[in-house]
Amino acid sequence: MTIESVERIGVIGAGTMGNGIAQVCALNGYEVVMRDIEDEFVENGIEAIDDSLGRFVSKGRIDESEVEATKGRITGTTDLDDLADCELVIEAAVEKMEVKQEIFADLETVTDEDVILATNTSTLSITTIASATDREERVVGLHFMNPVPIMEGVEVVVGEKTGAETIDLVHALATDLGKTTWESDDKPGFVTNRILMPWINEGIRAYDEGVASKEDIDTGMELGTNVPMGPLTLADHIGLDICLDASETLSEELGDRYKPAYLLKRKVDAGDLGKKSGAGFYEYD
């Protein structure tokens, strides 16, 4: 399979990452089938895409004709069988190994054997996910950054049996979507979260221990290290529940230096998950 033969892309999950991936693929000319388990989730994903495209128009990045063309390329569904005609599927479901393995086992029954199955996981083993299938050479990590329509990077993660053709194709796909790729071996956290999660957790600990206000911690890191967001703001944008899951997974694999901050756990237990819930370390409309 070559990049020219990919015309229709399946996306599993209509949440923040899934609808972002669907939008970027459709905006760049691909037909997209976005599937989630409930109609409400699919509808919310479509609404999020509409809102995002509207912001693109207001900033002059695209015009109304591109909005309509993009929306026309996206089909929402709750039926996995609707992905049968896709040449490539990107899974962006919850970060639970058992969930991802079940999805990949199901995808194997509804897609052709040469279809590439990619996972957007940020921490879980590509090799373990691939073991749920009989096409391990066609399973790969394709880790988009959040927010997908804005962030330029995509992390390609190579499992134990991922084939060279698969790797080349997803690099080409990401490039065609206007992204820049880097490659990681299938080690815990890959490149990004292996380095990012300790940074976020230390920012949370510094705030919890009274080193500085949350605003000063974020400002200090933004201006002191030339990053666009400080650790607390970034955690809110990622989702505190996602940060907690990632930190716990890394802690199991790599030890206590990845142990999640106590305040991170407390925020998640309280339902303050960041921007998506309206409150995290900061409050949002």
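The rules behind each value
Residues numbered from 1 in each chain as written. Predicted model: local features only at pLDDT ≥ 70, side-chain atom pairs only at ≥ 80, totals over all residues. Heavy atoms only, no water. Helix = DSSP H or I, 4+ residues; strand = E, 2+ residues; numbered from the N terminus. Buried < 20%, exposed > 50% of the residue type's maximum accessible area, 1.4 Å probe, protein only. Contact = heavy atoms within 4.5 Å. Salt bridge = Lys/Arg side-chain N within 4 Å of Asp/Glu carboxyl O. Core = buried A, V, L, I, M, F, W, Y, C linked by side-chain atoms within 4.5 Å. Pairing = 2+ DSSP bridges. Right-handed = clockwise from strand over helix to strand, strands pointing away. UniProt positions renumbered as here; feature names shortened; annotations may be inferred. Axes fitted to C-alpha atoms, helices over the stretch in contact; angles between N-to-C directions. Left-handed = near helix turned anticlockwise from the far one by under 90°. Nonpolar A, V, L, I, M, F, W, Y, C, P; charged D, E, K, R; others polar.

Caption draft 1: Representation of the side chain of Thr-133 within the structure. Its place among the elements puts Thr-133 in the loop between α5 (126–130) and β6 (139–144). Taking the relative accessible area as the measure of exposure, Thr-133 reaches 4% and is therefore buried. Aside from chain neighbours lying at most four places away, what touches Thr-133 is Phe-104, Glu-108, Leu-117 and Val-139.

Caption draft 2: Just the pattern of salt bridges, in detail. In this structure the tally under the stated criterion is 10 salt bridges. Here Lys-71 makes a salt bridge to Glu-68, at a shortest N to O gap of 4.0 Å. Of the two residues, Lys-71 and Glu-68 both sit in helix α3 (residues 64–72), 3 residues apart, roughly one turn of that helix. By relative accessible area, Lys-71 is classed as partly exposed at 34%. Of the charged contacts in the structure, one is a salt bridge between Asp-185 and Lys-187, with a shortest N-O distance of 2.6 Å. Overall, Asp-185 belongs to the partly exposed group, its relative accessible area being 43%. Its relative accessible area of 45% is what places Lys-187 among the partly exposed residues.

Caption draft 3: Broad picture of the nonpolar core. Counting residues in hydrophobic clusters, the biggest one holds 37 residues, and the most contacted among them are Ile-9, Ile-21, Leu-88, Ile-90, Leu-142 and Phe-144. In terms of residue count, the dominant contributor to this core is helix α1 (residues 16–27) (6 residues). For Leu-142, the contacting residues outside a window of four places in its chain are Ile-90, Ala-118, Thr-119, Asn-120, Val-154, Glu-155, Val-156, Val-170 and Leu-173.

Caption draft 4: Fine view of the pairing of strand β5 (residues 116–119). Burial of the side chains of β5 extends over both faces: Ile-116 and Ala-118 are buried on one face and Leu-117 and Thr-119 on the other. Note: strand β4 (residues 88–91) against β5, 4 bridges, orientation parallel. Considered in β5, the bridge of Leu-88 is made with Ile-116. You can see the chain leave β4, run along helix α4 (residues 97–110) and come back into β5, and the turn it takes is right-handed.

Caption draft 5: Molecular detail of the UniProt feature "domain: 3-hydroxyacyl-CoA dehydrogenase NAD binding" (unreviewed entry) in the protein. In the numbering used here, UniProt assigns the feature "domain: 3-hydroxyacyl-CoA dehydrogenase NAD binding" (unreviewed entry) to residues 9–181. Span residues 9–181 is 42% helix and 20% strand, its end C-alpha atoms 19 Å apart.

Caption draft 6: Region of interest: the packing of helix α7 (residues 192–208) against helix α9 (residues 231–238). Contact pair α7 / α9: the axes reach a minimum separation of 8 Å and the direction vectors enclose 115°. In this structure, α7 meets α9 at a crossing whose hand is left-handed. Between α7, through Leu-196, Trp-199, Ile-200, Gly-203, Ile-204 and Tyr-207, and α9, the contact on the second element is made entirely by Pro-231, Leu-232, Leu-234, Ala-235 and Ile-238. Among the residues making up the contact of α7 with α9, the classes are represented as 10 nonpolar, 1 polar and no charged.

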